[in-house]
Amino acid sequence: MTRALVVIPTYNERENIAAIVSRVRTAVPAASVLVVDDSSPDGTGVIADELAAADASVHVLHRTEKNGLGAAYLDAFAWALAEGFDPIVQMDADGSHQPEQLTRLLDALATEPPVDLVIGSRWIDGGSIENWPRRRQWLSRGGSAYARWVLRLPTRDATAGYRAFRADALRRIRLDDVHTRGYGFQVDMLWHAREAGLVVVEVPVTFVERERGRSKMSAGIVIEAMMRVTGWGIRSRLGRGLPQPASSNGSETKRSRA
Ligand SMILES: Nc1nc2c(ncn2[C@@H]2O[C@H](COP(=O)(O)OP(=O)(O)OP(=O)(O)O)[C@@H](O)[C@H]2O)c(=O)[nH]1
Ligand SMILES: [Mg+2]
């Protein structure tokens with residue numbers, strides 16, 4: 001676990017990028033950072049290049065067009081695996097995922113018996129959300145509950161974006177079969193994680209609403225996620241019968257075979 005990499009996808013995060021990179025480097029100095037920028041018109045990529053020039057542990061992947069969070073992560077995973085990083089962490093640029101809580105995820109990944117994927121969860125005991133309007137809370141809870149019900153996923157926070165993967169676990173997932181672009185990507189990865197038989201654990205985190213910059217959440221992203229989850233649910237029932245139900249140890253961390 002000596003070569004951790006924190007992947008931060010960005011689109012128009014000029015006001016956030018320097019602060020989040022600095023917070024990661026301070027919270028876990030051994031961790032490197034990869035910013036994946038989709039040619040942000042606001043110059044986020046230029047700022048990221050400046051951060052990389054000043055710190056050898058900061059890297060930047062420039063993509064030519066805005067293609068969604070999922071596509072950015074898939075490119076980043078390929079880069080990270082080729083470079084030999086392990087573990088590989090997903091983190092938003094807007095401060096919602098606090099770098100100061102990263103060690104919770106890394107510690108849970110380092111336990112015995114081995115865990116493949118740790119999720120920073122808002123919806124288990126100890127998890128919380130700061131400053132989210134009630135409407136967003138219900139959207140998140142509802143989306144997660146729907147995905148859990150349709151797909152019989154044991155994960156309480158199925159749409160969470162704060163995650164740490166063992167590199168080997170990412171190699172076992174069929175990443176070329178993950179096609180969701182928007183935030184349904186998180187559910188898509190869980191669905192594939194279960195197919196790969198990965199062990200998934202949730203640890204509580206405090207999710208903080210972004211203070212600066214604009215959300216990229218849209219109705220189209222929500223609809224894409226709902227339609228895909230419904231399609232996977234039908235596929236699962238028709239093709240392979242019902243997936244196995246959840247298992248939990250009921251302690252601070254929730255452990256399950258995905
Ligand atoms: N590279 C890239 N990053 C993206 C894209 N869309 C969103 N992001 C980044 O993904 C992260 C999550 O996006 P947000 O806009 O915060 O979405 P969200 O967290 O679901 O929405 P809010 O809670 O309202 O902020 C942020 O770091 C964004 O900059 C994209 O198309 N490409
Ligand atoms: Mg956000």
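Residues numbered from 1 in each chain as written. Chains lettered and ligands numbered in written order. Predicted model: local features only at pLDDT ≥ 70, side-chain atom pairs only at ≥ 80, totals over all residues. Heavy atoms only, no water.

## What about the overall build of the protein chain?
Part 1: Per the secondary structure count, the protein chain includes 8 helices and 10 strands.
Part 2: A globule of 258 residues ought to have a C-alpha radius of gyration of about 18 Å, and the protein chain, at 17 Å, matches this closely.
Part 3: In terms of its C-alpha atoms, the protein chain occupies a principal-axis envelope of roughly 50 × 40 × 35 Å.
Part 4: For the protein chain, with 258 residues in total, the buried portion stands at 52%.
Part 5: Across the protein chain, contacts joining residues at least 24 apart in sequence account for 81% of those joining residues at least 6 apart.
Part 6: Within the structure as shown, the protein chain displays about 11500 Å² of accessible surface, and the carbon and sulfur contribution to it stands at 52%.
Part 7: Placing the 33 positive and 31 negative side-chain charges of the protein chain at their respective mean positions leaves the two points 8 Å apart. (Helix = DSSP H or I, 4+ residues; strand = E, 2+ residues; numbered from the N terminus. Rg over C-alpha atoms; globule rule 2.2 N^0.38 Å. Buried < 20%, exposed > 50% of the residue type's maximum accessible area, 1.4 Å probe, protein only. Contact = heavy atoms within 4.5 Å. Areas by Shrake-Rupley, 256 points an atom, 1.4 Å probe, with all protein chains shown as cover. Lys, Arg positive; Asp, Glu negative; His and termini not counted. Charge placed at Lys NZ, Arg CZ, Asp CG, Glu CD.)

## What to know about helix H2 (residues 44-54)
Part 1: Turning to H2, its buried residues are Thr44, Gly45 and Ala48. All buried residues of H2 lie within an arc of 90 degrees about the axis, which places them on one face of the element. The exposed residues of H2 that point more than 90 degrees off its buried face are Val46, Glu50, Ala53 and Ala54.
Part 2: Check the buried side of H2 and you find it contacts strand S1 (5-10), helix H1 (17-27), strand S2 (32-37) and strand S3 (58-62). (Arc of directions from axis to C-beta.)

## Structural notes on the UniProt feature "domain: Glycosyltransferase 2-like" (unreviewed entry) in the protein chain
Part 1: What UniProt calls "domain: Glycosyltransferase 2-like" (unreviewed entry) maps, in this numbering, to residues 6-173.
Part 2: Helix makes up 41% of residues 6-173 and strand 18%. Its end C-alpha atoms lie 19 Å apart. (UniProt positions renumbered as here; feature names shortened; annotations may be inferred.)

## Some thoughts on the environment of Leu151
Part 1: For Leu151, the location among the structural elements is in helix H5 (residues 134-151).
Part 2: Classification of Leu151 as buried rests on a relative accessible area of 0%.
Part 3: As for Leu151 and Gly231, which are separated by 80 residues in sequence, their C-alpha atoms are 9.8 Å apart.

## Notes on H1
Part 1: Three or more residues of H1 are buried, namely Ile17, Ile20, Val21 and Val24. Along H1, the residues classed as buried sweep out an arc of 100 degrees about the axis, all on the same side.
Part 2: In this structure, the buried residues of H1 make contact with S1, S2, H2 and S3.

## What to know about the packing of aromatic side chains
Part 1: As enumerated under the stated definition, the model contains 6 aromatic pairs in all.
Part 2: On the basis of an interplanar angle of 20 degrees and a centroid distance of 5.7 Å, the ring pair of Trp79 and Phe85 is categorised as stacked.
Part 3: Through pairs of rings, three or more aromatic residues link up here, namely Tyr73, Phe77, Phe165 and Phe185.
Part 4: Lying over the aromatic face of Phe85, Arg3 brings its terminal NZ or CZ to 4.2 Å of the ring centre.
Part 5: Positioned over the ring face of Tyr11 is Lys66, at 4.8 Å from the centre of the ring. (Phe/Tyr/Trp six-rings, centres within 6.5 Å; stacked < 30°, edge-to-face > 60°. Lys NZ or Arg CZ within 6 Å of the ring centre and 35° of its normal.)

## Thoughts on the packing of H1 against H2
Part 1: One way to put it is that H1 packs onto H2 with a least axis distance of 10 Å and a crossing angle of 35 degrees. You can see that H1 and H2 cross each other, and the crossing is right-handed. The segment H1 lies against H2, with Ile17, Ala18 and Val21 engaging Thr44, Ile47 and Leu51. (Axes fitted to C-alpha atoms, helices over the stretch in contact; angles between N-to-C directions. Left-handed = near helix turned anticlockwise from the far one by under 90°.)

## Some points on the pairing of strand S8 (residues 199-204)
Part 1: Most of S8 sits out of view: 6 of its 6 residues are buried.
Part 2: Because side chains alternate across S8, one face comprises the buried residues Val199, Val201 and Val203, and the other comprises Val200, Glu202 and Pro204, equally buried.
Part 3: Across 5 bridges, the pairing between strand S5 (residues 117-121) and S8 is parallel. Each residue of the ladder has a partner; that of Ser121, found in S8, is Pro204. (Pairing = 2+ DSSP bridges.)

## Describing the pairing of S2
Part 1: Judged by how many residues are buried, S2 sits mostly within the fold: 6 of 6 residues are covered.
Part 2: Here S2 shows no split at all, with Ser32, Leu34 and Val36 on one side and Val33, Val35 and Asp37 on the other all buried.
Part 3: Here S1 runs beside S2; their pairing, made up of 6 bridges, is parallel. Across the sheet, Val6 pairs through a bridge with Val33, a residue of S2.
Part 4: On the question of chirality, the crossover connecting S1 to the parallel S2 by way of H1 is right-handed.
Part 5: Where S2 lies against S3, 5 bridges are found, and the strand directions are parallel. Its bridge partner lying in S3, Val35 is registered against Val60.
Part 6: Between the parallel pair S2 and S3, the chain is carried across by H2, and the sense of this crossover is right-handed. (Right-handed = clockwise from strand over helix to strand, strands pointing away.)

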